[in-house]
Amino acid sequence: MPSNAEAPPPPTPLRVPVADSHTHLDMQSGTVEEGLAKAASVGVTTVVQVGCDVKGSRWAAETAAAHDAVHATVALHPNEAPRIVHGDPDGWSRQGARKAGGSGALDEALAEIDRLAALPQVRGVGETGLDHFRTGPDGKDAQERSFRAHIEMAKRHGKALVIHDRDAHADVLRILKEEGAPERTVFHCYSGDAAMAEICARAGYYMSFAGNMTFKNAQPLRDALAVAPLELVLVETDAPFLTPAPYRGRPNAPYLIPVTVRAMAAVRGVNEDVLATAISANTARAFDY
């Protein structure tokens, strides 16, 4: 993310407030207070702050405890589990070199996520799942073991499960079926096609659409959005990533949610207020707040 790129201008406020169902405030510039105020000024009144490792999950829980507008999720990202087990001697993950900790270190990290997942301000377990884009065959076992542990945790604590699925659709769906998905399961940054959206709809999984649904090459995402049941659709930024067109390549933040909401409304052929009303209710239901 080019930090020197200029932040896009604030969009016209939504008339019906919505929630950003997936954001990383800890990776955005400015203070949390500034980010929340800027978002609220355009009708984005709630955000779900997502943890990706132990440190980030602790931060998410602390931030949600301090701000009524923030709910937390906690997890080890799918790419974090192999890093804990196998280490990262050459720093390929852009997180600095790390020593291998073995399966014991993964157990310790999962135990801390489990402790955090019990907190009342933590509304979800995630982002967890599978990422076949960044993790090679040697890391798949750790990734899958971590995913199964997170599914169990979400069910035991009665929290939403937030899924990261990159180039791994069939395996993610298979493991959810094998383990039994939690009552509330969210596919963050939905990346499947219309056929997969129909599978998710039958299972009652929520599909959260991000700024990449506005990209020129994203017709499969728009096709998926067109068939997804309205009561299962969420919106997110995944900020600072996936800034919607026409601001692609510039830093993303929750205040840009209206840009994506309007693009989604156009795909669905509905008034933006109708879509915003549905998204607002869906997000509250998905994360039980």
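Up top is the structure.
Residues numbered from 1 in each chain as written. Predicted model: local features only at pLDDT ≥ 70, side-chain atom pairs only at ≥ 80, totals over all residues. Heavy atoms only, no water.

Engineer: Explain the overall build of the protein chain here, please?
Structural biologist: Helix and strand counts for the protein chain come out as 10 helices and eight strands. Its C-alpha atoms give the protein chain a radius of gyration of 18 Å, near enough to 19 Å, the size a compact globule of 289 residues would have. Taken along the three principal axes of its C-alpha coordinates, the protein chain extends 50 × 40 × 35 Å. Counting across all 289 residues of the protein chain, residues that qualify as buried make up 55%. Counting only contacts in the protein chain whose residues sit at least 6 apart along the sequence, the fraction spanning at least 24 positions is 72%. The averaged location of the 36 negative side-chain charges in the protein chain is 2 Å from the averaged location of its 29 positive side-chain charges. (Helix = DSSP H or I, 4+ residues; strand = E, 2+ residues; numbered from the N terminus. Rg over C-alpha atoms; globule rule 2.2 N^0.38 Å. Buried < 20%, exposed > 50% of the residue type's maximum accessible area, 1.4 Å probe, protein only. Contact = heavy atoms within 4.5 Å. Lys, Arg positive; Asp, Glu negative; His and termini not counted. Charge placed at Lys NZ, Arg CZ, Asp CG, Glu CD.)

Engineer: I tried to follow the sheet that holds strand E3 (residues 70–74) on my own but got confused; where do I start?
Structural biologist: Two strands in a sheet stick together by hydrogen bonds in their backbones, pointing the same way (parallel) or opposite ways (antiparallel). With respect to topology, eight strands assemble into an open sheet ordered E1-E2-E3-E4-E5-E6-E7-E8, the strand pairing being parallel. Where the open sheet ends on each side, the last strands, each with one partner, are strand E1 (18–23) and strand E8 (233–235). Strand-to-strand twist of the sheet, defined as the mean angle between neighbouring strand axes without regard to direction, takes the value 30°. Here helix H5 (residues 140–157) sits on the sheet and contacts strand E4 (122–131) and strand E5 (160–166); the angle it forms with E4, its principal contact strand, is near 155°. (Pairing = 2+ DSSP bridges. Axes fitted to C-alpha atoms, helices over the stretch in contact; angles between N-to-C directions.)

Engineer: Which parts of the structure should I look at to understand the nonpolar core?
Structural biologist: Looking at soluble globular proteins, one finds that nonpolar side chains tend to be buried together. Among the nonpolar cores identified, the biggest contains 71 residues, and Phe147, Leu176, Phe187, Tyr190, Phe209 and Met264 are the most heavily contacted of them. It is helix H4 (residues 102–117) that contributes the most residues to this core, six residues altogether. Residues in contact with Phe187, not counting those within four places in the same chain, are Ile163, Asp165, Val172, Leu173, Leu176, Met196, Cys200, Tyr205, Tyr206, Met207 and Ser208. Ala160, Val162, Leu232 and Phe287 belong to the second largest nonpolar core, which has 10 residues in total. (Core = buried A, V, L, I, M, F, W, Y, C linked by side-chain atoms within 4.5 Å.)

Engineer: Explain unusual backbone geometry here, please?
Structural biologist: The general pattern is negative phi for most residues beyond glycine and trans for most peptide bonds. The step from Gly126 to Glu127 runs through a cis peptide bond, and the omega angle for that step is 15°. Its location among the elements puts Glu127 in strand E4. In this model, Ala239 is joined to Pro240 through a cis peptide bond whose omega is 15°. Among the secondary structure elements, Pro240 is positioned in the loop between E8 and helix H9 (257–268). The phi dihedral of Asp167 is positive, around 55°, even though this residue is not glycine. Positionally, Asp167 belongs in the loop between E5 and helix H6 (169–179). Phi angles above zero are rare outside glycine, and Leu242 is one such case at about 55°. Mapped onto the elements of the fold, Leu242 is located in the loop between E8 and H9. For Leu242, a relative accessible area of 24% corresponds to the partly exposed category.

Engineer: What should I look at first to understand the pairing of E1 in this one?
Structural biologist: Regular strands place side chains that alternate from one sheet face to the opposite one. Counting buried positions along E1 gives six out of six residues, so the element sits mostly inside the fold. In the sheet, E1 pairs with strand E2 (residues 44–50) via four bridges, with the strands oriented parallel. Paired with Ala19 across the bridge in E2 is Thr46.

Engineer: Just to check I follow, could you spell out the pattern of salt bridges for this structure?
Structural biologist: Side chains that differ in charge, positive against negative, can pair when their charged atoms come close. Applying the stated criterion across every chain yields a total of 16 salt bridges. One salt bridge connects Arg156 with Asp114, and the closest N-O pair in it is separated by 3.2 Å. With Arg156 in helix H5 and Asp114 in helix H4, this residue pair connects regions lying 42 residues apart in the sequence. Relative accessible area serves as the criterion here: at 45%, Arg156 is assigned to the partly exposed category. In this structure, Glu179 engages Arg148 in a salt bridge whose closest nitrogen and oxygen atoms are separated by 2.6 Å. In this pair, Glu179 sits in helix H6 while Arg148 sits in helix H5, placing the two residues 31 residues apart along the sequence. Glu179 gets classed as partly exposed once you look at its relative accessible area, which sits at 30%. (Salt bridge = Lys/Arg side-chain N within 4 Å of Asp/Glu carboxyl O.)

Engineer: What am I meant to see in the layout of surface pockets here?
Structural biologist: Regions of empty space are outlined by a rolling probe, equal in size to a water molecule, passed over the atoms. The computed volume of the second largest pocket comes to approximately 370 Å³. Lining of the second largest pocket is provided by 21 residues; of these, Gln28, Ser29, Gly30, Asn252 and Ala253 occupy positions nearest its centre. Here the residues of the lining of the second largest pocket are counted per class, giving 12 nonpolar, seven polar and two charged. (1 Å grid on protein atoms, 1.4 Å probe; cavity = no way out; pocket = protein on both sides within 12 Å on 5 of 7 lines; lining within 4 Å. Points joined across faces, edges and corners; volume = space filled by probe spheres on them. Nonpolar A, V, L, I, M, F, W, Y, C, P; charged D, E, K, R; others polar.)

Engineer: Got a minute to help me understand the environment of Gly126 in this structure?
Structural biologist: Take Gly126: it is sitting in strand E4. Judged by relative accessible area, which is 0%, Gly126 ranks as buried. Between the C-alpha atom of Gly126 and that of His77, which follows or precedes it by 49 residues, the distance is 7.3 Å. Among residues more than four places away in sequence, those in contact with Gly126 are Val50, Gly51, Thr73, Val74, Ala75 and Val162.

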